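Examining the three-dimensional arrangement
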Amino acid sequence: MAEQARLIKKYPNRRLYDTRTSSYITLADVKELVLSREEFQVVDAKTTEDLTRSILLQIILEEEAGGAPMFTSDLLAHMIRFYGNATQGMMGKYLENNIKAFTEMQGKLQEQAQAIYGENSPISQDLWAQFLNFQGPALQSVMGTYVEQSKKMFSQMQEQIESQTRNIFTGFPFPSYTPAGKDETAAKTATGTDAPAENPTGKGGRAAQK
């Protein structure tokens, strides 16, 4: 029988209560649960609302406020722009799948290093430390590349939509536009009101003379 997730209650005074140990814990303790891969759920003590995501975001915020943040300001700004966008769900799933794949790669590398050098071997620990130092910039590079590609794709989609819209409306017989002032000129020319007066001394003046 699978063990149930650890239940942590959050009270109005913002204190966290671990129902398994019957004691209050801190945000740092919750972080340790995450690092140890222990399943847990944080709920509101009064409403039983699930607050797990909120607590995890608080941990991320504290980590980002530390000395070695994972996300740059530009990357965070790009991620914020995805909220409310049609690609929001796709972006979240993309990040989730890539992080899972990256975690699996970490586990395999660690297993291979331990099998060759032993679990407590200094060489194994050095290799693992080197890999951990490499993974942060690598993940940022992957994220940055994806965001740039997404921006280009979105711009191309906008241009394509605008082009299709122009092609659709080109087939409609819209009335021609005549600038202001030309309508009156055209009307006068049609009625002959602006025609030059006949010369009284010319051929047209003979009738008047008679």
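Everything below is about the structure shown above.
Residues numbered from 1 in each chain as written. Predicted model: local features only at pLDDT ≥ 70, side-chain atom pairs only at ≥ 80, totals over all residues. Heavy atoms only, no water.

1. Topic: the overall build of the chain
For the record, the criterion: Going along the chain from the N terminus, every DSSP run of H or I of four or more residues is numbered as a helix, and every run of E of two or more is numbered as a strand. Summary of the burial criterion: residues with accessible area below 20% of their type's maximum are buried, those above 50% are exposed, and those between are partly exposed, where the area comes from a 1.4 Å probe applied to protein chains only. Areas reported here follow the Shrake-Rupley algorithm with a probe of radius 1.4 Å; residue values treat only the protein chains shown as occluding.
A tally of helices and strands in the chain yields 7 helices and 4 strands. For the chain, the succession of helices and strands along the chain, N to C, is β-β-β-α-β-α-α-α-α-α-α. In the chain, which comprises 210 residues, the proportion classed as buried is 16%. Carbon together with sulfur atoms contributes 56% to the accessible area of the chain, which is approximately 16700 Å² in total.

2. Comments concerning a nonpolar patch on the surface
To keep things clear, this is the line we draw: Like charges within 9 Å and nonpolar side chains (Val, Leu, Ile, Met, Phe, Trp, Tyr) within 5 Å are joined into patches, using only residues over 30% in relative accessible area that form no salt bridge. Salt-bridge detection follows one rule: a side-chain nitrogen of Lys or Arg within 4 Å of a carboxyl oxygen of Asp or Glu.
Residues M90, M153 and M157 make up a contiguous nonpolar surface patch of about 280 Å² in total accessible area. Take M90: it is sitting in helix α4 (residues 88-117). Look at M90 and you get partly exposed, because its relative accessible area is 43%.

3. Things to note about the pattern of salt bridges
Going through the model one piece at a time under the given rule, you end up with 5 salt bridges. R20 serves as the salt-bridge partner of E38, at 2.9 Å between the closest nitrogen and oxygen. Within this pair, whereas E38 is found in the loop between α1 (27-35) and β4 (40-44), its partner R20 is found in the loop between β2 (16-18) and β3 (23-25), the two being separated by 18 residues in sequence. Exposure remark for E38: the relative accessible area of 24% places this residue in the partly exposed category.

4. Some details on α1
Because the α-helix completes a turn every 3.6 residues, residues three or four places apart line up on one side. Our working definition: Read the arc as the range of directions from the helix axis to the C-beta atoms.
Within the sequence span of α1, burial applies to L27, V30 and L33. End-on, the buried residues of α1 take up no more than an arc of 105 degrees, which puts them together on one face. R37 sits one or two positions beyond α1 and adopts a positive phi of about 60 degrees.

5. Describing the nonpolar core
The following threshold applies: Only buried residues count toward a nonpolar core, which is a set of Ala, Val, Leu, Ile, Met, Phe, Trp, Tyr and Cys residues joined through side-chain atoms within 4.5 Å. Residues count as neighbours in contact if any of their non-hydrogen atoms are within 4.5 Å of one another.
By size, the foremost hydrophobic cluster in this structure holds 11 residues: I8, L16, I25, L27, V30, L33, F40, V42, L51, I55 and I59. Listed by contribution, the elements that provide at least two residues to this core are α1, β4 and α2 (52-64). Excluding its chain neighbours within four sequence positions, the residues that come into contact with L16 are I8, K9, K10, S23, Y24, I25, T26, L27, V30, V42 and I55.

6. A look at unusual backbone geometry
Phi is positive for R14, close to 70 degrees, though the residue is something other than glycine. Locating R14 in the fold gives a position in the loop between β1 (6-10) and β2. Of note in this structure, R37 is not a glycine but carries a positive phi near 60 degrees. For R37, the position within the fold is in the loop between α1 and β4.

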